[in-house]
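Here is what each chain is made of, one letter per residue.
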Amino acid sequence: MTPRRAASARGPTRRRLLVGTGLAGGGLAQAAAVDGFLVTPGRLQTTDHSLGGPGGGAILRLAQVSDLHLRSMGLLETRLLAALHESTAALLLFTGDMVDRRVALWRLETFLRECPPRPRRFAVRGSWGPWSGVPVAAFAGQFGRH
């Protein structure tokens, strides 16, 4: 037996550790890609948080919509609109990244038209705004109409 083999038989070598780490890292990257491109875009997540109530005053109900990156009016968007219509929220908040490209502006118009009326609505552009090619005035105009 050569000294090199004897050393590798005793435990992990630097090479084995690097190869194993690389394989694990590649697997994690693939899992993240699958989640980011296939799972998360189709997931509607709802949570309830108490902002007041017994002993603390009136309950304020908010509905928040974020990171839609509208590309179509598919199943997720239909489910989201249904959830918003069922909601008793007093405020409807759009917290960014509704669209990520200029050609999707008409989809945002469609989505906003289908949203339930609320006494108050607030919107922010989001981090994709500068890269979307959608002028701030066009974005503000759409939300202003709705």
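Just so it is clear, the structure is predicted and the values come from calculations on it, not from any experiment. Numbering of residues starts from 1 in every chain and runs along the sequence as written. In keeping with the model being predicted, local features are shown solely for residues with a pLDDT of at least 70 and side-chain atom pairs are shown and tallied solely at 80 or more, while totals for entire chains, interfaces and linings include all residues. As a convention, hydrogens and water are excluded, and side-chain values are obtained from all of the structure's heavy atoms.

When you look at the overall build of the chain in this model, what are you seeing that I'm missing?
Secondary structure follows DSSP: runs of H or I at least 4 residues long count as helices, runs of E at least 2 residues long count as strands, and numbering of each begins at the N terminus. Along the chain, the regular secondary structure elements total six helices and three strands. Secondary structure of the chain in N-to-C order comes out as α-α-β-α-β-α-β-α-α. Here the chain holds 146 residues, and the buried ones make up 26% of them. Any two residues whose heavy atoms approach within 4.5 Å are treated as being in contact. Long-range contacts, defined here as pairs at least 24 residues apart, represent 79% of the contacts in the chain between residues at least 6 apart. Total accessible area computed for the chain in this model is approximately 10200 Å², and 60% of it derives from carbon and sulfur atoms. Exposure is judged per residue with a 1.4 Å probe applied to protein chains only, and the accessible area is read against the type maximum: over 50% gives exposed, under 20% gives buried, and values in between give partly exposed. The accessible surface values rely on the Shrake-Rupley method and a 1.4 Å probe; as for residues, cover is taken only from the protein chains in view.

Before we go on, may I ask you to explain the pairing of strand 2 (residues 91-95) in this structure?
For a regular strand, side-chain orientation follows a simple rule: the groups alternate between the two sheet faces. Counting buried positions along strand 2 yields four of five residues, so the element is predominantly enclosed. Should DSSP find at least two bridges between two strands, the strands are regarded as paired. Pairing between strand 1 (residues 62-65) and strand 2: four bridges, direction parallel. The residue of strand 2 that forms the bridge with Val65 is Phe94. Considered for its hand, the β-α-β crossover made up of strand 1, helix 3 (residues 75-86) and strand 2 is right-handed. With five bridges connecting them, strand 2 and strand 3 (residues 120-124) associate as parallel partners. For Leu92, the partnering residue across the bridge sits in strand 3 and is Arg121. Here the term right-handed applies to a crossover when the path leading from its first strand over the helix to its second strand runs clockwise, the strands being oriented away from the viewer. For the handedness criterion, the β-α-β arrangement of strand 2, helix 4 (residues 105-114) and strand 3 is classed as right-handed.

Explanation requested: the sheet that holds strand 1 in the structure shown.
Within a beta sheet, neighbouring strands are joined by backbone hydrogen bonds and run either parallel or antiparallel to one another. In spatial order, the strands read 1-2-3; together these three strands make up an open sheet with parallel pairing. Strands at the two margins of the open sheet, each flanked by one partner only, are strand 1 and strand 3. Strand-to-strand, the axes of this sheet are offset by a mean angle of 15°, without reference to chain direction. Think of each axis as a best-fit line through the C-alpha atoms, taken over the contacting stretch in the case of a helix, with angles from 0 to 180 degrees between the N-to-C directions.

Help me out: how do you make sense of the packing of helix 4 against helix 6 (residues 136-145) in this one?
In helix packing, the relevant descriptors are the interaxial angle and the interaxial distance, both defined with respect to the helix axes. The interhelical angle for the contact between helix 4 and helix 6, taken along N-to-C directions, is 15°, at an axis separation of 10 Å. Taken as axis vectors, helix 4 and helix 6 run roughly parallel relative to one another. The two elements helix 4 and helix 6 meet at a crossing, and its hand is right-handed. Touching Leu105, Leu108, Glu109 and Leu112 of helix 4 are Ala138, Phe139, Gln142, Phe143 and Arg145, all from helix 6. Convention used here: angles under 35 degrees read as roughly parallel, angles over 145 as roughly antiparallel, angles from 65 to 115 as roughly perpendicular, and any remaining angle as oblique. Definitions for this section: a left-handed crossing has its near helix turned counterclockwise from the far helix by less than a right angle. A right-handed crossing has that turn clockwise.

For this particular structure, what's the right way to read helix 3?
Think of an α-helix as turning once every 3.6 residues; residues three or four places apart then point the same way. Any helix carries an expected span of 1.5 Å times its number of residues minus one. Look at helix 3: 17 Å from first C-alpha to last across twelve residues, which is about the 16 Å you get at 1.5 Å a residue. Of the positions making up helix 3, those classed as buried are Leu76, Glu77, Leu80, Leu81 and Leu84. For helix 3, the arc enclosing every buried residue in end-on projection is 135°, short of the 170-degree limit, so these residues lie on one face. Along helix 3, exposed side chains directed more than 90 degrees from the buried face belong to Leu75 and Glu86. An arc is given here, and it is the one of the directions from the helix axis to the C-beta atoms.

Sorry if this is basic, but what is going on with the packing of aromatic side chains here?
Given two aromatic rings, one states the distance between the centres and the angle between the planes to describe the pair. Centre distance within 6.5 Å is the pairing criterion for rings of Phe, Tyr and Trp, where only the six-membered ring of Trp is used; planes under 30 degrees apart are then read as stacked, over 60 as edge-to-face, and the remainder as tilted. In total, this model carries two aromatic pairs according to the counting rule given. Ring centres of Phe139 and Phe143 lie 4.8 Å apart, and the angle between their planes is 55°; on these two criteria the pair is classed as tilted. Separated by four residues within a single helix, Phe139 and Phe143 lie in helix 6, roughly one turn from each other. Across this residue pair, the class does not change: Phe139 and Phe143 are buried. By way of ring pairs, the aromatic residues Phe94, Phe139 and Phe143 are connected into one cluster.

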